[in-house]
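Chain residues, written in single-letter form:
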Amino acid sequence: MKHRILAVDDDISNLKATEALLEEWGYWVDAVSNGPEAIAVIEKKDRDYSVILLDYQMPGMNGAEAASKIRALSKESIIIIYSCDSSRRALKEVFRVGAVDFIDKDENVENLKAALEMACNRYENHIQLYRARVNKSHNAEILRSVGMIGHSQKMADVVQQCINYRKYNQPVLILGETGSGKELVAKAIQGDSHKKFQAVNCAAFTESNLIESELFGYEKGAFTGANNRKIGILESTGDGTVFLDELHYLNPKAQGLLLRALREKVIRRVGSNIETSISCRIFAASKPDLFKRVQAGEFLPDLYYRLKFLTIEVPALRERPEDIGLLVDHFCHKFYKETGRKISFRARTMRMMERYDWHGNVGELEGYVWQLLINAKESIISPSNLDERFQLLDILGDPNATLEALELKHEQEIRDLIALALSASGSKRKAAERLKVNESSLRHLIARLGVRESTV
């Protein structure tokens, strides 16, 4: 990711030089000339800063005073002092208020570059919280218009199909994996209509007569237990919509009866010889392999092609990972409304979740997020809170990565861990104790990995 840095320096020529240098290194930079201006920028909360780069000697409010107020406003941004005043008093004061490094302006600029890289890496991997951005793009707007969450182009295309199909009175076949949101798609096609919408899960009816009775109804005495006439769903829905989920579970007889209902707009209740007209519109949902079932002789070809007149294919969640963050944010908001507990996710946690395949799609994601929220002992979900399957994905990263690349990744994590321990402990001896290694081993690692020791 590209990081944003807020540079603060009362010397305008130095500030402009620093700004140009940071932009040359690939950072986004905002520059202000004093502490109060920096605080005002941060109070707006319209931008997230990975690093606040503060001069120490500034009139009115010095770097330490500014750092103290900034830390209260932004607990995530990493504060680095970049100054010519490296006196013992200045060092003691800035580290006391939360700065993590002090870089002398007179040193080689490569020291500043290395410190910023380490700080941004630490921010990205260990500190940054995920924040769902209010996306005002056409994609996000079109999904919101039908009660869906996301901004991916694939789902925006699906919703546009839904809107286009509203004006037709033809059946619609919705294909998608379990948990991908097929019923939401069906409701999106119906739109804001006040007409009745009835959903039937065909998988819930294992016996032939049960699904027939549910869909077509029955007459009194049609079978044992039929003590009164029952109006079936296809008839009782009137001119509304019947959504047949898990259509592939329909038995052959029920498939034939449904085909006739679609063709002729008439049904017969079980136990009756009288035909009854129906006016409902039928949406049917199935797994993507429905055509394979046709080829295998498990599903009527005529029914398949009758339904396929208008088709929508719902993409799996793994095909639109950019929607995962917004979905998780939505689930967190629901959890907060129900429990009063406000829980956030680290940005790195979210990136790990985006790399997972989610075979159960949105349904699996929602269940897992609620499990994390309910079991959370703290207000932040960190990478360590995720299952081993996510940890493994995080270690492997790109499945095509070389061993050398993986080793470099681990070296950077070790480098960051040592730097953090040195900064928090104040000495190599205490840092070694914190890391549970002997001091000589720590010194060897510091030398081999090139860990900065400016904070010790």
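The structure this text deals with has already been given above.
Residues numbered from 1 in each chain as written. Predicted model: local features only at pLDDT ≥ 70, side-chain atom pairs only at ≥ 80, totals over all residues. Heavy atoms only, no water.

Asker: Before we move on, can you summarise the overall build of the chain with the specific residues and values?
Answerer: A tally of regular secondary structure across the chain gives 20 helices and 16 strands. By the compact-globule yardstick of 23 Å for 456 residues, the chain is too spread out, its C-alpha radius of gyration being 31 Å. Dimensions along the principal axes, computed over C-alpha positions, put the chain at roughly 100 × 45 × 40 Å. Classification of the 456 residues of the chain by burial places 46% in the buried group. Within the chain, residue pairs in contact and separated by at least 24 positions form 69% of the contacts whose partners lie at least 6 positions apart. About 23300 Å² of surface is accessible on the chain, with carbon and sulfur atoms providing 49% of the total. Positive and negative charge centroids in the chain, built from 64 and 64 side chains respectively, lie 5 Å apart. (Helix = DSSP H or I, 4+ residues; strand = E, 2+ residues; numbered from the N terminus. Rg over C-alpha atoms; globule rule 2.2 N^0.38 Å. Buried < 20%, exposed > 50% of the residue type's maximum accessible area, 1.4 Å probe, protein only. Contact = heavy atoms within 4.5 Å. Areas by Shrake-Rupley, 256 points an atom, 1.4 Å probe, with all protein chains shown as cover. Lys, Arg positive; Asp, Glu negative; His and termini not counted. Charge placed at Lys NZ, Arg CZ, Asp CG, Glu CD.)

Asker: Summarise the sheet that holds strand 6 (residues 172-175); cite the residues concerned and give the values.
Answerer: Sheet strands line up and pair through hydrogen bonds in the backbone, either parallel or antiparallel. The five strands lie next to each other as 7-10-13-6-14, forming an open sheet whose pairing is parallel. Lying at the two open borders of the sheet, with one neighbouring strand each, are strand 7 (197-201) and strand 14 (310-313). Across this sheet, the average inter-strand angle for adjacent strands is 20°, counted without regard to direction. Note that strand 7 and strand 10 (residues 241-245) share five bridges and pair parallel. Residue pairing in the sheet places Val200 in a bridge with Leu244 of strand 10. (Pairing = 2+ DSSP bridges. Axes fitted to C-alpha atoms, helices over the stretch in contact; angles between N-to-C directions.)

Asker: Outline the layout of surface pockets, supporting the account with residue identities and numerical values.
Answerer: Space inside the largest pocket adds up to approximately 1300 Å³. What lines the largest pocket is a set of 43 residues, among which Asp48, Tyr123, Gln128, Leu129 and Arg131 lie closest to the centre. For the lining of the largest pocket, the secondary-structure elements that each account for two or more residues are helix 3 (63-73), strand 4 (78-83), helix 5 (109-127), helix 14 (324-339) and helix 15 (347-354). A breakdown of the residues in the lining of the largest pocket according to their chemical character gives 17 nonpolar, ten polar and 16 charged. In this structure, the second largest pocket encloses a volume near 440 Å³. Along its surface, the second largest pocket is lined by 17 residues, and Tyr130, Asp329, Lys342, Ile343 and Ser344 are the ones closest to its centre. Elements with a minimum of two residues in the lining of the second largest pocket: helix 14 and strand 15 (344-345). Here the residues of the lining of the second largest pocket sort into ten nonpolar, three polar and four charged. (1 Å grid on protein atoms, 1.4 Å probe; cavity = no way out; pocket = protein on both sides within 12 Å on 5 of 7 lines; lining within 4 Å. Points joined across faces, edges and corners; volume = space filled by probe spheres on them. Nonpolar A, V, L, I, M, F, W, Y, C, P; charged D, E, K, R; others polar.)

Asker: Hey, could you go over the packing of aromatic side chains for me, with residue numbers and the actual values?
Answerer: The description of two aromatic rings rests on the distance between their centres and on the angle between their planes. Inspection of every chain in the model, using the stated rule, returns ten aromatic pairs. Ring centres of Phe197 and Phe243 lie 6.2 Å apart, and the angle between their planes is 25°; on these two criteria the pair is classed as stacked. Taken together, the positions of Phe197 in strand 7 and Phe243 in strand 10 put the pair 46 residues apart, joining distant regions of the chain. With 4.8 Å between their ring centres and 50° between their planes, Tyr356 and Phe390 make a pair best called tilted. With a gap of 34 residues between them, Tyr356 in the loop between helix 15 and helix 16 (361-375) and Phe390 in helix 17 (residues 388-396) connect regions that are remote in the sequence. On the basis of relative accessible area, Tyr356 is assigned to the buried category, the value being 15%. Taken together, the ring pairs connect Tyr356, Trp358, Tyr368 and Phe390 into an aromatic cluster. We note Lys105 situated over the ring of Tyr82; from NZ or CZ to the ring centre the distance is 5.9 Å. (Phe/Tyr/Trp six-rings, centres within 6.5 Å; stacked < 30°, edge-to-face > 60°. Lys NZ or Arg CZ within 6 Å of the ring centre and 35° of its normal.)

The values are spatial; any link to function lies outside them.
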